[in-house]
Amino acid sequence: MNPPDDNDRAEQLEIDASAKWPVLAFFGSALLWLLAGGALQLGASIQLHTPSFLADCEWFTHGRLAPAAQNAFVYGWGLNAGFAFSLWLMARLSATALRSGGWLLVAAVFWNLGVALGVIGIMTGASTSYELLEMPHFVSLLLLGSYLLIGVWIVTTFGVRNTENVYASQWYILGAAFWFPWLYLAAQRMLIEVPVRGVVQAVANAWYVNGLLGLWFVPLALAAAYYFLPKILGRPIRDYYVAVIGFWWLAVCAGLAGGSRLIGGPVPAWVSTVGAVANFLVVAGVVIVGVNLLGTLAGHVSAAQKSTTLRFILLGIGAFFLTAALNFALSLRGFAEFAQFTLITELRDWLVLYAVFSTAMFGAAYFFLPRITGKVWRAPVLIKAHYGAAVLGILALIVALGAGGWQQGLLLGNEHVQFADITRALVPFLVLRSVGLILLLIGHAAFLINFVWIACPVNFRGTETAVFRHPPALELHKT
Amino acid sequence: MKNGLLIFAGAFATIALSWTGVVLSAHRQLGGLKQFKDPIEESLAPVPLTGLADQGRAVYQDLGCVSCHTQQVRREGFGSDIARQWGTRQSVARDYIREKTVLIGSSRLGPDLRNVGARGYANAEYFYNLLYSPERIAAGMPAYKFLFDVHKAIPGQVSNRALKVTSDGYEIVPTRRAEALVAYLQSLKDTYEYPEAKPFVETPEKKEGGK
């Protein structure tokens, strides 16, 4: 990829510098949303085991707080972080500077304005109640408008590329950049502007939710994995030639799998069957990605553990396989009958959003932020705290939602168990969930402090200027 | 893969495939679903929502009840929905054409509500009590005290809509929104037997033949 040649190096510095302000704007606001969304999420989680918490204030009633938290997390953190990462990586891989970045700052302002109005809208009672589309309708225009500006920048940066080859990470970013507006526009149109009739709404909503997770969050996480593994380990992706099949395979299956969320529901059986089949077929794509990524890692895990970036990326890769397994299981009718509507389905979505995507973005940020700002991370102990909190928090949530959901499924399936007893049985798991969310929040606060130090233009604490080693040369076979 | 145009065409094709294949096909099949006309009684089912109940649907939507409650009864033999008496039959697509926003939900932290209006105990007072002080009726559910107007009762002039008068002389009166929400909850009953709502029952012969 990048031979350690000084000309290339200078060019790379220039590209990183061109991306500095847009990336900082998007990533900084993403981090603020991550903390705000995390606090709301914690509040909503506490309400599940202590129903009286904030219940008397209408703005904070659970049915508003929970979607507000989820929207702040998805659109505030998820999309913003995705924009920052995509813009930077696309510029780098296309070997071209990010031009006229000022427009991106405008887009960042309007995007964040939209998310803020949306979250406030949900809390003040304008929620649409469609999953992940709860924000009031007028917000969608702001979001789409500013997204267009961002998406166009990603695509045009790719369009003026100075490279001959197009790398796997670029496919995933381009795909995500194109899929998101389509999904969002179609869902807004079919659910809110011209609502379709009856349960078709449920189908459209399931298609959107599954698409957003599978065609925006997962591709960006994979783009990070495909970029950083070879970059930091100095090893080319193993069996790279199959990566392209994996890409298309995942793209087709992720779109079609939405119906699997409606197994047993009041929709035609073919809808859920197509979804389930897509979730079975996706395994082939997951295997291909596994061959690529795990093959590259094989024998170098301890080397990977030395890099903060790769430690986070490894978490994300692990969670990617876990998610695919969980999706597979939830598409089996027997398991769906048992686990549907329990905390296990929540675990599936949370894994994608947090354990797959967010960890990948953390890893990427630990790599790109020093490079675009030219400063080193000031407090390594905060990095350790962030990583430790992430690992513990993820484990706590997997146990809380997985074991809790299992228990819930068992009790729900037994009609002799009173509903109140199910609620009581879930309390310890829901408490553990709150504990996990507190851990994650601590990690995010640590990250934010480090971020402020590295991003602050005034270097009043005398943060060191970063000096980067050349990335290790790829062990390419000369032909 | 070096051709940017190819990537775009492919990305377009994949999303178009899932959109037309899943969403538009479902729309084509069910988008025009009409009320069923009972051939004997010549009545139409499902019955549309009354104006007040439709306002209540909007309250249900804005309070985010869907966060914890589903509105879908799964068929007999698939989960314990029927055994828990959440309905007498499975929910079918036609049940939902009366609602402008269809919120079938995906979490059962609370019980299913699709037929909550059909339950014997489900009179308006029950729902008001549930919303005002759920702790005695439904553990885990938050109270919705903000849906009630609490003020000092004038002796001899207690509102006839008051839920109750507390011992220290305050009357608790449901607001308009509470009334609408309760009207909506009471309207939730899918009792009409459509021809397509026949539950799928595996016959014993079939089971033996399969083994």
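Residues numbered from 1 in each chain as written. Chains lettered and ligands numbered in written order. Predicted model: local features only at pLDDT ≥ 70, side-chain atom pairs only at ≥ 80, totals over all residues.

Caption draft 1: View of the overall build of chain A. Regarding its fold elements, chain A presents 15 helices and zero strands. On C-alpha atoms alone, chain A measures out to a radius of gyration of 22 Å, which is about the 23 Å that the 2.2 N^0.38 rule sets for 479 residues. Judged by the C-alpha coordinates and their principal axes, chain A covers about 70 × 50 × 45 Å. Taking the intrachain contacts of chain A between residues at least 6 apart in sequence as the baseline, contacts between residues at least 24 apart amount to 83%. (Helix = DSSP H or I, 4+ residues; strand = E, 2+ residues; numbered from the N terminus. Rg over C-alpha atoms; globule rule 2.2 N^0.38 Å. Contact = placed C-beta atoms within 7 Å.)

Caption draft 2: Expanded view of the overall build of chain B. Across its full length, chain B holds five helices and five strands. Put simply, chain B runs from its N terminus to its C terminus through helices and strands in the order α-β-β-α-α-β-β-β-α-α. In terms of C-alpha radius of gyration, chain B reaches 23 Å, well past the compact-globule figure of 17 Å for 211 residues. Its C-alpha atoms give chain B principal-axis dimensions of roughly 80 × 55 × 40 Å. The buried share of chain B, reckoned over its 211 residues, is 40%. At a minimum sequence separation of 6, the contacts of chain B that also span at least 24 residues come to 70%. (Buried ≥ 20, exposed ≤ 12 C-beta atoms within 10 Å, placed from the backbone.)

Caption draft 3: Structural context of the nonpolar core. Residue and element names in this part refer to chain A. Counting residues in each nonpolar core, the largest one holds 219 residues, and the members touching the most others are Leu87, Val203, Leu220, Ala221, Ala224, Ala225 and Val356. Ranked by residues supplied to this core, first place goes to helix 7 (residues 200–233) with 26 residues. Leaving out residues up to four positions away in the same chain, Val356 has contacts with Phe217, Val218, Ala221, Gly316, Ala319, Phe320, Thr323 and Leu351. (Core = buried A, V, L, I, M, F, W, Y, C linked by C-beta atoms within 7 Å.)

Caption draft 4: Highlighting the sheet that holds strand 3 (residues 148–152) of chain B. All names here are of chain B. Spatially, the three strands line up as an open sheet ordered 3-5-4, and their pairing is antiparallel. In the strand order of this sheet, the two ends are held by strand 3 and strand 4 (164–165), each with one partner. Alignment of strand 3 against strand 5 (residues 170–174), held across five bridges, turns out to be antiparallel. Along strand 5, the bridge assignment pairs His151 with Glu171. (Pairing = 2+ DSSP bridges.)

Caption draft 5: Looking closely at helix 1 (residues 4–30) of chain B. Between the first and last C-alpha of helix 1 of chain B there are 38 Å, a value that for 27 residues agrees with the 39 Å anticipated at 1.5 Å per step. Along helix 1 of chain B, the sharpest change in direction is near 30° and occurs at Leu24 of chain B. Residues Ile7, Gly10, Ala11, Thr14, Ile15, Ser18, Trp19, Val22, Val23, Ala26 and Leu30 of chain B constitute the buried set of helix 1 of chain B. Against the buried residues of helix 1 of chain B lie helix 6 (168–193), helix 7, helix 8 (243–256) and helix 9 (269–297) of chain A. (Expected span 1.5 Å × (residues − 1). Bend = angle between axes of the 7 residues up to and from the residue.)

Caption draft 6: How the structure looks around the interface of chain B and chain A. Taken together, the contact between chain B and chain A spans 60 residues of the former and 71 residues of the latter. For the side of chain B that touches chain A, the secondary-structure elements that each account for two or more residues are helix 1 and helix 2 (51–62) of chain B. If you tally residues by element for the side of chain B that touches chain A, the top one is helix 1 of chain B, at 17 residues. Its residues placed into classes, the side of chain B that touches chain A shows 32 nonpolar, 20 polar and eight charged. (Nonpolar A, V, L, I, M, F, W, Y, C, P; charged D, E, K, R; others polar.)

Caption draft 7: Main features of the confidence of the model for chain B. Scored by pLDDT, chain B comes out at a mean of 90, with 93% of its residues at no less than 70. Quick note on the complex model: pTM equals 0.94, ipTM equals 0.92. (pLDDT = per-residue confidence, 0-100.)

Caption draft 8: The arrangement of helix 7 of chain A in detail. Here helix 7 of chain A is 34 residues long and its end C-alpha atoms lie 48 Å apart, about the 50 Å a rise of 1.5 Å per residue gives. Most of helix 7 of chain A is tucked away: 34 of the 34 residues are buried.

Caption draft 9: Molecular detail of the pairing of strand 5 of chain B. Residues and elements named next belong to chain B. Of all the five residues making up strand 5, four are buried; the element is thus mostly covered by neighbouring parts of the structure. Strand direction decides the pairing type here: strand 4 and strand 5, joined by two bridges, are antiparallel. Of the residues in strand 5, the one forming a bridge with Val165 is Glu171. In this structure, the hairpin formed by strand 4 and strand 5 is closed by a connection of four residues, where Gly169 is found at a positive phi of approximately 90°.

Caption draft 10: The packing of helix 5 (residues 137–159) of chain A against helix 6 of chain A, seen in detail. Residue and element names in this part refer to chain A. Viewed as axis vectors pointing N to C, helix 5 and helix 6 meet at an angle of 160°, and their least axial separation amounts to 10 Å. Considered as vectors, helix 5 and helix 6 are oriented roughly antiparallel to each other. Between helix 5 and helix 6 lies a crossing of left-handed hand. In contact with His137, Ser140, Leu144, Tyr147, Gly151, Ile154, Val155 and Phe158 of helix 5, helix 6 contributes Gln170, Ile173, Leu174, Ala177, Pro181, Tyr184, Leu185, Gln188 and Ile192. (Axes fitted to C-alpha atoms, helices over the stretch in contact; angles between N-to-C directions. Parallel < 35°, antiparallel > 145°, perpendicular 65-115°, else oblique. Left-handed = near helix turned anticlockwise from the far one by under 90°.)

Caption draft 11: Quick look at the environment of Asn210 of chain A. All names here are of chain A. Structurally, Asn210 can be placed in helix 7. Note on Asn210: 27 C-beta atoms within 10 Å, which makes it buried. What Asn210 contacts, discounting residues up to four positions off in sequence, is Ala254, Ala257, Gly258 and Arg261.

Caption draft 12: Main features of the environment of Ala304 of chain A. All names here are of chain A. Mapped onto the elements, Ala304 comes out in helix 10 (residues 301–304). When the 18 C-beta atoms within 10 Å are taken as the criterion, Ala304 is described as partly exposed. Through-space distance from the C-alpha of Ala304 to that of Phe451 is 23 Å; in sequence the pair is 147 residues apart. Discounting residues that sit within four places of it in the chain, Ala304 has contacts with Leu233, Leu297, Leu310 and Leu314.

Caption draft 13: Geometry of unusual backbone geometry. Of the consecutive residues Ala45 of chain B and Pro46 of chain B, the connecting peptide bond is found in the cis state with omega at 0°. Structurally, Pro46 of chain B is set in the loop between strand 2 (44–45) and helix 2. Even without being glycine, Ala95 of chain A reaches a positive phi, approximately 50°. Within the secondary structure layout, Ala95 of chain A lies in the loop between helix 3 (62–93) and helix 4 (102–123). The backbone of Phe341 of chain A sits at a positive phi, close to 70°, despite the residue not being glycine. Of note, Phe341 of chain A is situated in the loop between helix 12 (333–339) and helix 13 (343–373).

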